[in-house]
Amino acid sequence: MGEDTRRGPVTGRTWVMLAVVVLVASAFGIAFGLAIDWFPAQGATIAKDIDTFWDVLLIVSVPIFVLVTVVALYSVWRWRMKPGEENLDGPPIHGSTRLEVIWTAVPTLIIAALCAYATVLLLDIQESPAKGTRVVNVSGQQFAWTFETTVDGKKVATNRLVLPEGEEVEFKINTKDVLHSFWIPEWRLKVDAVPGITTSYSLTPSKRGRFQVVCAELCGLGHAYMRQYVSVVDRAGFAAWVKQVSGGAPAGGGDDDAGGGAKPDGKQLFASGNPQTGVTACGSCHTLAAAGTSSQTGPSLDETLKGVDASKIREGIVDPGKELAKGFQNIMPGNYAQTLTPQELDALVTFIDESVNGGK
Ligand code: CUA
């Protein structure tokens, strides 16, 4: 290729060729982008609209990316320096008003249109909930979520969120300490928990199953452990759950004794937690010979609680950060005071005290 061609203007044929490359590459890029499963299964009614919005963003941005890349690569190739041209300067450029107007106006229009679409969508999915919608107070805390809701006229705080499929629910989200973020990927829901502010959000779960509730804001040493579950169940399942948690049913069931049910089993609670309320097992982090647990995430209770009296054991459960065992930093959830029933807490303290100190 002679120097004249390389310095000369871009010919009509070249323009056509570049346009074809941009069109073909864009078509491939869009097809490829749409084929990728970016998000988990849609678990709430709003998920469909949000995913459509994502597809629109993809369809609009891929051609822009391709256009910029093709122009840049072609220019690098066509106007590259050849040996002997080291000291040559390029031709002076005086700018092009028409071109500048176009490349300012077009992106402005695109961004404005996408903003309008996003705003309409946001207003649509943030519509205030109907009267009588179930309210769940979501409280973030280092390092656990507590879900508080009123069932049968009684407030129940749990570590696990259980909701009926197809019924709208309103979340009121707050935090007891630092910033957290309430995220359920299947619901396309992510709301920050901000100190001093209660944020709210409502949606309708549309898919049954067990989904992870994740904290999406780095909130301290135990951030990665701040993961719980939401179970979306049918109406009968929800009614059964309400009955279990509002009756104070102990870990491992117990019969439908009116008022309170059987006494909770401290050993079982320690080793397995309470699957109904989602209270996690002490034994998943702590070693305690009498319960047959051997995890070393937290201090071994056989060692650290030797000679410690029952009131201090209780304090260690409800206020875990207060006194720390040597060599440990606190990542234990701070919500046991709310998510354990008083009977469960008593049973745990008695069991641990008897196991380590013979109950003396
Ligand atoms: Cu709470 Cu991260």
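All values derive from a computational prediction rather than experimental measurement.

Q: For this particular structure, what's the right way to read a nonpolar patch on the surface?
A: On the surface, Val 16, Val 20, Val 24 and Phe 28 cluster together to form a nonpolar patch covering roughly 400 Å² of accessible area. If you trace the backbone, Val 16 turns up in helix H2 (residues 12-35).

Q: Where do I start with the sheet that holds strand E6 (residues 180-184) in this structure?
A: The strands making up a sheet are joined through hydrogen bonds of the backbone, oriented either antiparallel or parallel. Read across the open sheet, the five strands follow the order E4-E10-E9-E6-E7; overall the sheet is mixed. Only two strands of the sheet have a single neighbouring strand rather than two, namely strand E4 (161-164) and strand E7 (189-193). Strand-to-strand, the axes of this sheet are offset by a mean angle of 20°, without reference to chain direction. Note: E6 against strand E9 (residues 209-215), two bridges, orientation antiparallel. Bridge pairing in E9 links Trp 183 to Val 214. Packing against the sheet, helix H5 (residues 235-246) makes contact with E4 and strand E10 (227-233), and its axis sits at approximately 140° to E4.

Q: Sorry, what's going on with the packing of H2 against helix H3 (residues 47-78) here?
A: Axis angle and axis distance: for two packed helices, these are the angle between their axes and the distance between the axes, and together they describe the pair. Relative orientation of the contacting elements H2 and H3 amounts to 145°, with a least axis distance of 9 Å. Here H2 runs over H3; the crossing is right-handed. Listed contacts from H3 to Thr 14, Leu 18, Val 21, Val 22, Ala 25, Ser 26, Gly 29, Ile 30, Gly 33 and Leu 34 of H2 are Asp 55, Leu 58, Ile 59, Val 62, Pro 63, Val 66, Leu 67, Val 70 and Tyr 74. Tallied by class, the residues present in the contact of H2 with H3 amount to 14 nonpolar, four polar and one charged.

Q: It is not clear to me how the packing of aromatic side chains should be interpreted in this structure. Could you clarify?
A: Describing an aromatic ring pair means giving the distance of the ring centres and the angle of the ring planes. Counted under the stated rule, the structure contains eleven aromatic pairs. An angle of 65° between the planes, with centres 5.5 Å apart, marks the rings of Trp 145 and Phe 182 as edge-to-face. With Trp 145 in strand E2 (residues 144-151) and Phe 182 in strand E6, the pair connects residues that are 37 residues apart, well separated along the chain. When sorted by exposure, Trp 145 lands in the same class as Phe 182, which is buried. Across from the ring centre of Tyr 229, 3.6 Å away, lies the NZ or CZ of Arg 210, which sits over that ring.

Q: Before we go on, may I ask you to explain the pattern of salt bridges in this structure?
A: When the charged atoms of two side chains lie near each other, side chains of opposite charge can form a pair. In the structure shown here, the tally under the stated rule is seven salt bridges. For the salt bridge of Arg 188 with Asp 51, the shortest nitrogen-to-oxygen distance reads 2.8 Å. You can see Arg 188 sitting in the loop between E6 and E7 and its partner Asp 51 sitting in helix H3, a full 137 residues away along the chain. The class for Arg 188 is buried, based on a relative accessible area of 12%. Here Asp 51 falls in the buried class, since its relative accessible area comes to 12%. The salt bridge involving Glu 167 is made with Arg 235; its shortest N-O contact spans 3.4 Å. In this pair, Glu 167 is assigned in the loop between E4 and strand E5 (169-175) and Arg 235 in helix H5, connecting sequence segments 68 residues apart.

About the criteria used
Residues numbered from 1 in each chain as written. Predicted model: local features only at pLDDT ≥ 70, side-chain atom pairs only at ≥ 80, totals over all residues. Heavy atoms only, no water. Patch = residues over 30% accessible without salt bridge, like charges linked within 9 Å, V, L, I, M, F, W, Y side chains within 5 Å. Areas by Shrake-Rupley, 256 points an atom, 1.4 Å probe, with all protein chains shown as cover. Salt bridge = Lys/Arg side-chain N within 4 Å of Asp/Glu carboxyl O. Helix = DSSP H or I, 4+ residues; strand = E, 2+ residues; numbered from the N terminus. Pairing = 2+ DSSP bridges. Axes fitted to C-alpha atoms, helices over the stretch in contact; angles between N-to-C directions. Contact = heavy atoms within 4.5 Å. Left-handed = near helix turned anticlockwise from the far one by under 90°. Nonpolar A, V, L, I, M, F, W, Y, C, P; charged D, E, K, R; others polar. Phe/Tyr/Trp six-rings, centres within 6.5 Å; stacked < 30°, edge-to-face > 60°. Buried < 20%, exposed > 50% of the residue type's maximum accessible area, 1.4 Å probe, protein only. Lys NZ or Arg CZ within 6 Å of the ring centre and 35° of its normal.

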